[in-house]
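# Close look at the chain arrangement
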Amino acid sequence: MAKLSQEDLLAQFEELTLIELSEFVKAFEEKFDVTAAAAVAVAAPGAPGAAVEAAEEQDEFDVVLTAAGDKKIQVIKVVRELTSLGLKEAKDLVDGAPKPVLEKVAKEAAEKAAESLKGAGASVEVK
């Protein structure tokens, strides 16, 4: 098998959906016994007596579909727009609620996605 360049690999990953990419990362972690967690930077104290903030503000959120509601078709359409999933995958996600629609997204994107899903009649939770 020919060795793929970094650009070739990135091109292949661009074609994957978020769910497929998430499944790949899990399989990669299991195969090589590693975790893809981001490195945590250690803050050095600035001046003597300076207070170091212990808790960091959360910057990654998950949008979880808890129930499809009465307008299931509208919810499927919104899920497809948000995730670029195919019709079958989006329907399966909606039918299998509660399930995450978006994972580890910025606060603004999570709020916007939740608004869109609620507007379509779904019950949504942002974690």
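Please refer to the structure placed before this passage.
Residues numbered from 1 in each chain as written. Predicted model: local features only at pLDDT ≥ 70, side-chain atom pairs only at ≥ 80, totals over all residues. Heavy atoms only, no water.

## Description of the sheet that holds strand E3 (residues 123-126)
Keep this limit in mind: When DSSP finds two or more bridges between two strands, those strands count as paired. A run of H or I in DSSP counts as a helix once it spans at least four residues, and a run of E counts as a strand once it spans at least two, with each numbered from the N terminus. In this analysis an axis means a line fitted to C-alpha atoms, helices contributing only their contacting stretch, and an angle means the value between N-to-C directions, from 0 to 180 degrees.
An order of E2-E1-E3 is seen for the three strands of this open sheet, with the pairing classed as antiparallel. Taken across any chain shown, the strands that pair with only one partner, and hence form the sheet edges, are strand E2 (99-105) and E3. For this sheet, the mean inter-axis angle between neighbouring strands, taken without regard to orientation, is 20°. In this sheet, E3 lies alongside strand E1 (residues 61-67) in antiparallel orientation, the contact comprising four bridges. Across the sheet, residue valine 63 finds its bridge partner in E3, namely valine 126.

## Notes on the pattern of salt bridges
This is how it is decided: One speaks of a salt bridge when a side-chain nitrogen belonging to Lys or Arg is within 4 Å of a carboxyl oxygen belonging to Asp or Glu. Burial classes: relative accessible area under 20% of the type maximum marks a residue as buried, over 50% as exposed, and values in between as partly exposed (1.4 Å probe, protein chains only).
Tallied over the entire structure, the rule returns four salt bridges. Ionic pairing is found between aspartate 95 and lysine 91, a salt bridge with its closest N-O pair at 2.7 Å. Of the two residues, aspartate 95 and lysine 91 are both situated in helix H4 (residues 87-95); the distance of four residues between them amounts to about one turn of the helix. With relative accessibility at 39%, the residue aspartate 95 sits in the partly exposed group. Lysine 91 sits in the partly exposed class, given a relative accessible area of 39%. Here lysine 127 makes a salt bridge to glutamate 125, at a shortest N to O gap of 3.6 Å. Taken together, the shared-partner salt bridges in this structure form one network comprising Lys72, Lys91 and Asp95.

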